[in-house]
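# Architecture at a glance
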Amino acid sequence: MTTDTSYALTRPAYIDQSHLVVSDLALVSGFYQSMLGLKIIEKTASGEILGVGDLPLLTLTTARNAAIAPRNAAGLFHTAFLMPDRTELARWLRHAAHHNVALDGASDHLVSEAIYLSDPEGNGIEIYADRPHEQWKFHQDGMIEMATLRLDLQALYDSAPDERWNGMAAGTAIGHLHLQVGDIPQADAFYRDVLGLKLMARYPGASFFATGGYHHHLAANIWNSRGAAPRADNMTGLSDYTIRFNDKATLDAAVSKLDALEINSEKRNGGVFLRDPWGIGLTLSA
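Source: prediction; values computed, not measured.

A few words on the UniProt feature "domain: VOC" (unreviewed entry) in the chain. Summarizing the sequence annotation, UniProt attributes the feature "domain: VOC" (unreviewed entry) to residues 14–130 and 173–286 in the numbering used throughout. In residues 14–130, the share of helix is 20% and the share of strand is 44%. The end C-alpha atoms are 15 Å apart. Secondary structure over residues 173–286 splits into 21% helix and 40% strand, and the C-alpha atoms at its two ends are 17 Å apart.

Before going further, it helps to spend a moment on the side chain of threonine 59. Along the polypeptide, threonine 59 turns up in strand E4 (residues 55–61). With residues near it in sequence (within four places) discarded, threonine 59 still touches Gln17, Ser18, His19, Leu20, Glu48 and Ile49.

It is worth spelling out the sheet that holds strand E12 (residues 206–210) at this point. In spatial order, the strands read E9-E6-E7-E8-E5-E10-E13-E12-E11; together these nine strands make up an open sheet with mixed pairing. Both outer strands of the open sheet, strand E9 (149–150) and strand E11 (198–203), are each paired with one neighbouring strand and no more. Here four bridges tie E12 to strand E13 (residues 218–221), and the two strands are oriented antiparallel to one another. The partner of phenylalanine 209 across the bridge, within E13, is leucine 218. Contacts between helix H2 (residues 86–98) and the sheet are confined to strand E7 (112–118) and strand E8 (124–130), with E7 contributing the most and set at about 30° to the helix. Against the sheet, helix H4 (residues 184–194) touches strand E10 (173–180), E11, E12 and E13, its axis set at about 5° to E12.

Turning to unusual backbone geometry, a few remarks are in order. In this structure, asparagine 100 takes a positive phi of about 50° despite not being glycine. Mapped onto the elements of the fold, asparagine 100 is located in the loop between H2 and strand E6 (105–108). For asparagine 100, a relative accessible area of 69% gives the class exposed. In this structure, leucine 110 takes a positive phi of about 75° despite not being glycine. Relative to the helices and strands, leucine 110 is located in the loop between E6 and E7. Residue leucine 110 is classed as partly exposed on the basis of its relative accessible area, which comes to 34%.

Rules and cut-offs
Residues numbered from 1 in each chain as written. Predicted model: local features only at pLDDT ≥ 70, side-chain atom pairs only at ≥ 80, totals over all residues. Heavy atoms only, no water. UniProt positions renumbered as here; feature names shortened; annotations may be inferred. Helix = DSSP H or I, 4+ residues; strand = E, 2+ residues; numbered from the N terminus. Contact = heavy atoms within 4.5 Å. Pairing = 2+ DSSP bridges. Axes fitted to C-alpha atoms, helices over the stretch in contact; angles between N-to-C directions. Buried < 20%, exposed > 50% of the residue type's maximum accessible area, 1.4 Å probe, protein only.

Rendered as structure tokens:
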């Protein structure tokens, strides 16, 4: 069992936490606990904070006026939980199979192996393990070689140790967030040009951004949401998330860019809070 920090989290910036608004807190929280193995770290007036050990990853809140977000709204495509290694991915798959968790798909992306599912309110989830980053292939322009190939789930399942699963292993983190946005050039302008993330890959209708040569910390697509307007305040789904900077200079550069472009932001909880062009909140913190 390795407890090395995942490569994704050692880069200049990474995704720290995610916050979903749900309409049935008990149902959704129960799913993340029983099926994903997250534990309640803290209960708040409006919801719960779930995580691994004492590391918070996912905040779930509910509100009486929460309106169900339509499928084509801007917001979350999936929250991607990064396992510390392939064995933990296999162990989770074995747990999921034994509890009849419905999977939406599974892919070999060359840089990673990923399994897809949804929570009871339709929020997308990816459970994945990275291949060693020494094996990743980069193009001359610095972009990364990714693909979507079939993942052999049976072989992955068969590789799991035959032992009781006790929930998410220490070292599990949010490796990336994949967003639904209204327009890709606008996403590039915000996430690359304003926040300073590097464009790592392009698919038709999607861009993948990262810091420090990771395959992606954030992705944005228009597959369901082309032309989407900004989110309403009380919509279910992704309310906001945090980008944590290991490197304060990278954070300062992003913040001074916000000021120069007169993008509204406010100091909040020791970080800088703002909204992307689709009303998805994000906190930049170091």
